Each structure stands twice: as structure tokens, then as C-alpha cells.
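Structure at a glance
The primary structure of each chain is shown beneath.
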Amino acid sequence: MIDTPSSPNNGALEVRTTPYAGRSYFSTRSLPENSCILDIATPYSYTIYKKFRSEVCSECFKYDGGRRAFLTCRQYGESAGLSFCDTGCRDSWLANEGPTTIDLLTTLEGARRKGKQKATNDAPPSTKGTAEDIAKSWEEVRRKEQSGKEVRRWGQLGLDDFQADMARYVLLALSHLFQEVTIKPSSDGHVDIGTLDGEARWEHFTSLQTSEQIRVGRFPELLDDHIKIYQVLRGLFGGPGWNVARATLTEEQERDAKIKVCFSDVITIENVRIALGVDAGNSFGIWERPLMDNSELLGFAVYPVPSFLNHNCSPNVQSSGDGRRLRFLTTKDVAAGDQLSISYGHVENLPLRERQRELLDGWFFECVCTKCLAEGATAKG
Ligand SMILES: C[S@@+](CC[C@H](N)C(=O)[O-])C[C@H]1O[C@@H](n2cnc3c(N)ncnc32)[C@H](O)[C@@H]1O
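Just so it is clear, the structure is predicted and the values come from calculations on it, not from any experiment. (Residues numbered from 1 in each chain as written. Predicted model: local features only at pLDDT ≥ 70, side-chain atom pairs only at ≥ 80, totals over all residues. Heavy atoms only, no water.)

Let's talk about the overall build of the protein chain
The secondary structure content of the protein chain amounts to 13 helices and 10 strands. Classification of the 381 residues of the protein chain by burial places 50% in the buried group. In the protein chain, of all internal contacts separated by at least 6 residues, the share reaching a separation of at least 24 is 71%. When the accessible surface of the protein chain is summed, it comes to about 18300 Å², and 49% of that surface belongs to carbon and sulfur atoms. (Helix = DSSP H or I, 4+ residues; strand = E, 2+ residues; numbered from the N terminus. Buried < 20%, exposed > 50% of the residue type's maximum accessible area, 1.4 Å probe, protein only. Contact = heavy atoms within 4.5 Å. Areas by Shrake-Rupley, 256 points an atom, 1.4 Å probe, with all protein chains shown as cover.)

In C-alpha cells:
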């Protein structure tokens, strides 16, 4: 069972398996309306889409309708694709991610630039996207990467904007994994760096449901995107020399941490597939706030701990965003043993069939929430 380190109501929720909708949170005691069940300070990984990234603060996700006057700190904008409200937001980002992450992102942006120089690739998908195709294609990649020459060639490949935005999300997740595996608490327990401020760790991230098969089955061209993303990450960062340590470590702490692995060790086919598979069914949109009908979708973020909240077309929990922080509050009284659920889209007020279509098209599942089951039963008479 996943623990909920950042739950103010620690012990008030637990993950159980439902008959038809995988795992979900349930309350272990009655919770009055407006109870904060989860309060998550930061995502495990995220990406801000290229279109918006010079208009959104990379630390607090503030967006001001395209006006950029609040972004006073853009020193990494061109190279690494990062903009900040002010030096406070920049310093906070650097303290959490470490300065080497700037180098990682800058290097990756080089692949985006190369992608721009090449004609757009309209080639049809190379497979039909069956489970067998997926396995075979990745085996082929594994075979090719035995050749150093091939991997060096991957480092010269270009990425289009969609691929580069996804690659940034994967890269950030892998740099967090790297911090976890390399930087252990020192003997006095002072350095507690792997917990991302008490939030999720890679083990939480990997315990999320993957949507690789279902999405690639629907859009086979995604498999080519995924493989290209892996090849570029492997080609760019596959050699030694990338030491992704956080800015907050003193030299002594760095020594204590005994960095034994290099960054290339975490760039594996398995890890990249996990990150890419997790994003579709578990991501939260980074929206322009306050949230309105015409708010822009600026990017997406994966917060592993609240990802165990299932969808319900009549939910009893709602999220509210404050910078990169997400809070989850009950919207009605909840009895002990009730399932806790949010709404994944703005579907609650649509008729049954439209709701179901939206969830199938956008989220790839047939909704079996209490409201849909009740309405479905009434319709059948
Ligand atoms: C964010 S995850 C929620 C946790 C997930 N149940 C698990 O076991 O990891 C979203 C996935 O849960 C399932 N799910 C969530 N709500 C559902 C619902 N109302 N009906 C059917 N499946 C649902 C779908 O497979 C969906 O892709």
C-alpha cells in the first residue's frame, strides 16, 4: 500500500482495489465537507509546453494571459527553456533541482533545435502498435544500443516540439531518480534529499498504472515518438560525466553521499518506458488560473500520491492549485469506507453517453463510477 506522506489527514485514507476500476483511495473514517485529504507541494515531474514556456514561471507555474511583465528573470530562457517570476522563484527552483539540471535541459534543447532544421517527419507509423509490436521494437532498440557508434548517432537526432516537451518531462523524472539513488542521508541524517520535500519518490512514480499499451494501440505513431525520445536521451546523456547533484549540498555532504553511479545508469529503456507510460493516465493539467472555461492548458504534471484518486462523475473531492502545490478537499461529507474520487475532466454536467465518450477518448477508460452505473441501470429500465 502506498503511504501518503503529505496527507494532513494521515491515516484517513487508504488504497484499496476496486472490482472494475483498479486501485482507489477510500476513507477510513468519516470526513466532514472541506477536509483537506492531500496537500502536495510539488509534482514528481512536469513539462510546460514550448508554446507557453516563455510566458510561464517554471517554479510557481504562474501565467498571466500571455503578458510576460511578471517574468523578470529569464536568464535561462533561451538555453534551457526556463523562465522565472523573479530571483526568488529562480533560486527556489535551483535549490530543488540543482544547477546541473540547467545543463541537462540546455543540452536537450539542442535536439529540439536540430529537429527544427529538418523537414517535418510525416512518415506513417512503423508498426500497428500491438503488444507484440511494442515488445519487438524495444528489443530492436536494445540490440542496436550494443553499438557505441549507433548510440553516438542517436545523440545527433532532432526532436519535434511534442517529442522535446515529453523528453523534458522524462529527463526531469530521471534526474529525480538519480538524486534518490545517489544521494543518501549523511550519518547525522541531515541530508534528506531523496524525498523531494517529503513528496513522492520514484517507487511511488513506478507504482502508477501505465497506459503504454492502450495509447500506442490507439495511436501507433506514439511508439516511434517514445523510441526517438529514448534514443536522444541515451545518445546525449549515455556517457559518463553527468553528475546531477542538487545545489543545496555542501562539498562535505557531496563526499558523504558517495556518488557511485553516473546519470547514464538511470537512462534505461525500462525507466523511460515507465515515465512515458505513466503520463497519460496519471497527469494533472497545469492550467491557467483562476480556472475558467477558456483557461489555457500550459503543460502537465505527475503527482504520484493523488494519482490513486479514481474518477467519479459526481465526485466527493476537488483539487485546487496554488502555484505548483495541489490540495485535495472533500466537497461533501464522506462516510467511513466511502471511495474518494475527483472528476478528471469537466464532464459532470453532460448526459451519460457524452460523458462516457469524453472519458473514453480523453482518458481511455469506460467509466464505471456510481453515477454512470446508476444512470445506465435506469436507462436499461
Ligand atoms: C489516475 S489512475 C487512478 C488509479 C488507478 N485506478 C490505479 O489502479 O492505479 C486512472 C485510471 O484508473 C481507472 N479509473 C479511474 N476512474 C475510473 C472509473 N470511474 N471507471 C473506470 N476506470 C477508472 C482507469 O483505468 C484510469 O485510466
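Remarks on the environment of Ser320
Looking at the element boundaries, Ser320 is found in strand β8 (residues 317-322). Remark: the alpha-carbon pair of Ser320 and Leu291, spanning 29 residues in sequence, is separated by 9.4 Å. For Ser320, the contacting residues outside a window of four places in its chain are Arg325, Leu326, Arg327 and Leu329.

Side note on the pattern of salt bridges
The final tally for this structure, using the stated rule, is 22 salt bridges. When the shortest N-O distance is used, the salt bridge between Arg112 and Asp165 registers 3.0 Å. Placement of Arg112 in helix α3 (residues 100-117) and of Asp165 in helix α6 (residues 161-182) is noted, with a sequence separation of 53 residues between them. Assigned by exposure class, Arg112 and Asp165 land together as buried. (Salt bridge = Lys/Arg side-chain N within 4 Å of Asp/Glu carboxyl O.)

Observations concerning the packing of aromatic side chains
Applying the stated criterion across every chain, the model contains 19 aromatic pairs. Their ring planes at 75° and their centres at 5.9 Å tell us that Trp138 and Tyr230 sit as a pair that is edge-to-face. Here Trp138, found in helix α4 (residues 131-144), pairs with Tyr230, found in helix α9 (residues 221-237); they are 92 residues apart in sequence, far enough to count as distant. Overall, the relative accessible area of 1% leaves Trp138 in the buried class. The rings of Tyr44, Tyr49, Tyr169, Trp202, Phe205 and Phe300 are connected pair by pair, giving a single aromatic cluster. (Phe/Tyr/Trp six-rings, centres within 6.5 Å; stacked < 30°, edge-to-face > 60°.)

Comments concerning α9
Under the 1.5 Å per step criterion, the end-to-end length of α9 is 25 Å for 17 residues, consistent within 8% with the ideal 24 Å. Among the 17 residues that make up α9, 13 are buried, leaving the element largely enclosed by the rest of the structure. (Expected span 1.5 Å × (residues − 1).)

Focus on the site of the ligand
The environment of the ligand is made up of 16 residues, and the closest members are Ala21, Arg23, Gln209, Asn310 and His311. Measuring from a nitrogen atom of the ligand, one finds a backbone N or O atom of Ala21 at 2.9 Å. A distance of 3.0 Å separates a nitrogen atom of the ligand from a polar atom in the backbone of Val368. The fraction of the free accessible surface of the ligand (560 Å²) that becomes covered by protein chains is 91%. Those elements giving two or more residues to the shell around the ligand turn out to be α11 (269-282) and β7 (310-311). Among the residues forming the shell around the ligand, the class breakdown is seven nonpolar, seven polar and two charged. (Near = heavy atom within 4 Å. Polar contact = N/O pair within 3.5 Å; in protein donor to acceptor, adjacent residues only side chain to side chain. Nonpolar A, V, L, I, M, F, W, Y, C, P; charged D, E, K, R; others polar.)

Here's the deal with the confidence of the model for the protein chain
The share of residues in the protein chain with pLDDT of 70 or more is 86%, and the mean pLDDT across the chain is 87. In this model residues 1-6 is a low-confidence stretch, pLDDT under 50, and it forms 19 contacts with partners more than four residues away in sequence or in other chains. Throughout residues 185-198 the model reports pLDDT below 50, and contacts reaching past four residues in sequence, or to other chains, amount to 23 contacts. (pLDDT = per-residue confidence, 0-100.)

Concerning the sheet that holds strand β9 (residues 325-330)
Taken in spatial order, the three strands line up as β3-β9-β8 in an open sheet, and their pairing is antiparallel. Looking at which strands have only one partner, the edges of the open sheet turn out to be β3 (36-40) and β8. Taking each pair of neighbouring strands and ignoring which way they run, the sheet shows an average axis angle of 15°. Judged from the four bridges that link them, β3 and β9 form a sheet pairing that is antiparallel. Following the sheet pairing, Leu38 is matched in β9 by Phe328. (Pairing = 2+ DSSP bridges. Axes fitted to C-alpha atoms, helices over the stretch in contact; angles between N-to-C directions.)

Structural notes on unusual backbone geometry
Each neighbour pair has its own omega, and for Arg289 with Pro290 the value is 0°, a cis peptide bond. You can see Pro290 is positioned in the loop between β5 (283-287) and β6 (297-302). Residues other than glycine seldom take positive phi values, yet Phe61 does so here, at roughly 60°. A positive phi angle is found at Phe364, which is not glycine, with a value near 65°. Relative to the helices and strands, Phe364 resides in the loop between α12 (352-363) and α13 (370-380).

Quick word on the environment of Pro290
Look at Pro290 and you get exposed, because its relative accessible area is 59%. When the C-alpha atoms of Pro290 and Asp322 are compared, they prove to be 9.8 Å apart, with 32 residues separating the residues in sequence.

Description of the packing of α4 against α9
Think of two packed helices as two axes; the pair is described by the angle between the axes and how far apart they sit. Where α4 contacts α9, the axes come no closer than 11 Å and their chain directions differ by 25°. With respect to α9, the axis of α4 lies roughly parallel. Between α4 and α9 lies a crossing of right-handed hand. Seen from α4, the contacting residues are Asp133, Ile134, Ser137, Trp138 and Val141; seen from α9, they are Leu223, His226, Ile227 and Tyr230. Class assignment for the residues of the contact of α4 with α9 results in six nonpolar, two polar and one charged. (Parallel < 35°, antiparallel > 145°, perpendicular 65-115°, else oblique. Left-handed = near helix turned anticlockwise from the far one by under 90°.)

Some remarks on α3
A rise of 1.5 Å per residue sets the reference length of α3, with its 18 residues, at 26 Å; its end C-alpha atoms lie 27 Å apart and thus fit the reference within 8%. Among all positions in α3, only Thr100, Thr101, Ile102, Leu104, Leu105, Leu108, Glu109, Gly110, Ala111 and Arg112 are buried.

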